[in-house]
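# Descriptive analysis of the structure
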Amino acid sequence: MATVAEILGTKYPLIQGSMARISRHELVIAVSNAGGLGVLTSAGFDKEGLREEIRKVKAGTDKPFAVNLMLMMNNIPDMVDVIIEEQVPIVMTGAGTPKPYMPALKEAGIKVIPVIPSVKLAKKMEDLGAVAVVAEGMESGGHVGETTTMALVPQVASAVNIPVIAAGGIGDGRGVAAAYALGAQGIQAGTIFLTADETPVPDAFKQAVLEANDTATTVTGRRSGAPVRSIKNPMIAKYLELEYSGASRDALEELSLGSLSKAVFDGDVENGSVMAGEIAGMVNSKRPVKDIIEGLFNEAEAVVKNLKITY
Ligand SMILES: Cc1cc2nc3c(=O)[nH]c(=O)nc-3n(C[C@H](O)[C@H](O)[C@H](O)COP(=O)(O)O)c2cc1C
């Protein structure tokens, strides 16, 4: 079986998870140039906006990169057209099935790697022709499932014959080594890139992540069926209060509408949604992307070398 790095065409078996509004060309270029796979978000872009972002990435790196499609969005056919026209090498999918688009993407030679929260979906994606799956645990920032990385990864790895890439809660070399021990052949990370020098978010957003500890995040939207993990703040407290007092969907939507943009573009970390994973407590410095990626794999090698199971 091809290794994950061979499938991705990268030096490291590492994917920078797509981050809505955040993983724009600046971050993608930095990750791909550092030997990982940068993943461009398509959220918030129209067809020509996405094309422009893809072209900026191509101008900044000659290394492979991917585009993320959140399949519940209503402009997906347009986005797929641009991805094919611009010959993007890899597509990462989430929040739905890529089935309708698989024939066209395959014919264009584009690899599809879905992000999945369960064994059932992993098997379905393998059947559809995915080249690998990302098994994402509920420690992750952003939209989450119900199963932890620790429990999900080995079950998915035992269930499919394509490579499994672990996501959720990976913050240093120990996390990388653990992912491999659980049966993964590569990793995807999001939260550790939030404070990277090249990540295009305001300082207030980075500061909120730097100040977060191990219990700083929580999940909203469990009741409405669209759970999201972010750092606790006054807006999140209000949301949870409304959610658990049985408020209407409209009231919840009114509170959360545009909340990610408030945090990502305006730096409003009180009323905006600062999405981040549980591992935010270990993100304590602003560093270049290259240092983050190299650190992960250098540390992982040392961890494995010194690992000893004692009785
Ligand atoms: C701020 C933020 C936004 C995210 N947005 C998306 C998204 O739009 N699409 C997606 O598939 N995953 C999204 N994710 C999940 C990441 O791609 C990745 O799987 C996750 O961050 C991995 O877990 P970690 O946060 O513990 O590293 C997001 C994560 C964060 C932190």
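Parameters at a glance
- Residues numbered from 1 in each chain as written.
- Predicted model: local features only at pLDDT ≥ 70, side-chain atom pairs only at ≥ 80, totals over all residues.
- Heavy atoms only, no water.
- Helix = DSSP H or I, 4+ residues; strand = E, 2+ residues; numbered from the N terminus.
- Buried < 20%, exposed > 50% of the residue type's maximum accessible area, 1.4 Å probe, protein only.
- Near = heavy atom within 4 Å.
- Polar contact = N/O pair within 3.5 Å; in protein donor to acceptor, adjacent residues only side chain to side chain.
- Areas by Shrake-Rupley, 256 points an atom, 1.4 Å probe, with all protein chains shown as cover.
- Nonpolar A, V, L, I, M, F, W, Y, C, P; charged D, E, K, R; others polar.
- Domains from an automatic or database assignment.
- Contact = heavy atoms within 4.5 Å.
- Buried area = accessible area lost by both parts, 1.4 Å probe.
- Axes fitted to C-alpha atoms, helices over the stretch in contact; angles between N-to-C directions.
- Left-handed = near helix turned anticlockwise from the far one by under 90°.
- Parallel < 35°, antiparallel > 145°, perpendicular 65-115°, else oblique.
- Pairing = 2+ DSSP bridges.

Looking up the protein in an unreviewed UniProt entry gives the name Probable nitronate monooxygenase, with the organism given as Weissella cibaria.

## Concerning the environment of Pro154
Turning to its location among the elements, Pro154 is positioned in helix H7 (residues 149-159). For Pro154, a relative accessible area of 27% corresponds to the partly exposed category. Taking C-alpha positions, Pro154 is 9.5 Å from Ala166, a pair spaced 12 residues apart along the chain.

## Describing the site of the ligand
Not every one of the 18 residues close to the ligand is listed here, only the nearest: Ser18, Glu136, Gly169, Gln188 and Thr191. Contact distances for the ligand include 2.6 Å between an oxygen atom and a side-chain N or O atom of Glu136. Residue Gly169 places a main-chain N or O atom 2.7 Å away from an oxygen atom belonging to the ligand. Within the complex, 96% of the 600 Å² of free accessible area of the ligand lies under protein. Of all the elements in the fold, those that place two or more residues in the shell around the ligand are strand S3 (65-70) and strand S9 (186-189). Of the residues contributing to the shell around the ligand, the split by class is seven nonpolar, 10 polar and one charged.

## Digging into the domain arrangement of the protein
In terms of domains, the protein is made up of domain 1 (4-198 + 288-306) and domain 2 (203-278). Look at where the C-alpha atoms of domain 1 and domain 2 centre, and you get two points 23 Å apart. Contacts between the two partners involve 18 residues from domain 1 and, on the opposite side, 17 residues from domain 2. Of the roughly 1500 Å² buried between domain 1 and domain 2 on both sides combined, carbon and sulfur atoms contribute 63%. Looking at the side of domain 1 facing domain 2, the largest losses of area belong to Arg21, Leu194 and Thr195, adding up to 31% of the total buried there.

## A closer look at unusual backbone geometry
The backbone of Arg21 sits at a positive phi, close to 70°, despite the residue not being glycine. Inspection of the secondary structure assignment puts Arg21 in the loop between strand S1 (14-16) and helix H2 (25-33). Here the phi dihedral of Ala95 falls at roughly 55°; this positive angle occurs in a residue that is not glycine.

## Considerations on the packing of H2 against helix H3 (residues 47-60)
Two numbers describe how H2 lies on H3: the axes approach to 9 Å, and their chain directions differ by 35°. Seen along the crossing, H2 lies across H3 with a hand that is right-handed. In this structure, H2 uses His25, Val28, Ile29 and Asn33 to contact H3, whose residues at the interface are Glu53, Lys56, Val57 and Gly60.

## A look at the packing of helix H10 (residues 234-244) against helix H11 (residues 249-256)
Where H10 meets H11, the axes come as close as 10 Å, and the angle between the chain directions of the two elements is 175°. Comparing their axes, H11 and H10 come out roughly antiparallel. Packed against H10, whose contacting residues are Met235, Lys238, Tyr239, Leu242 and Glu243, the element H11 presents Ala251, Leu252, Leu255 and Ser256 at the interface. Among the residues forming the contact of H10 with H11, the class breakdown is six nonpolar, one polar and two charged.

## Here's the deal with helix H8 (residues 173-181)
Of the residues making up H8, those classed as buried are Gly173, Gly175, Val176, Ala177 and Ala179. Residues of H8 that are buried in the fold lie against H7, strand S8 (164-167), S9 and helix H13 (289-306). Looking one or two residues past H8, Gly183 carries a phi angle of roughly 110°, positive in sign.

## Focus on the sheet that holds strand S5 (residues 111-116)
Spatial ordering of the open sheet is given by S1-S9-S8-S6-S5-S4-S3-S2, a layout of eight strands whose pairing is parallel. Across the chains shown, the open sheet's two edge strands, defined by having one partner strand only, are S1 and strand S2 (38-40). Sheet twist, expressed as the mean angle between neighbouring strand axes with direction ignored, is 25°. Sheet topology note: the S3/strand S4 (residues 90-94) ladder contains five bridges and is parallel. Bridge pairing links Ala66 to Ile90 in S4. Against the sheet, H3 contacts S2 and S3, and its axis sits at roughly 160° relative to S3.

## Some remarks on the side chain of Thr220
Position of Thr220 among the secondary structure elements: in strand S10 (residues 217-220). In this structure Thr220 comes out as buried when scored by relative accessible area, which is 8%. Each residue touching Thr220, except ones within four places of it in the same chain, is listed here: Ala226, Pro227, Val228, Ile236, Tyr239, Leu240 and Glu243.

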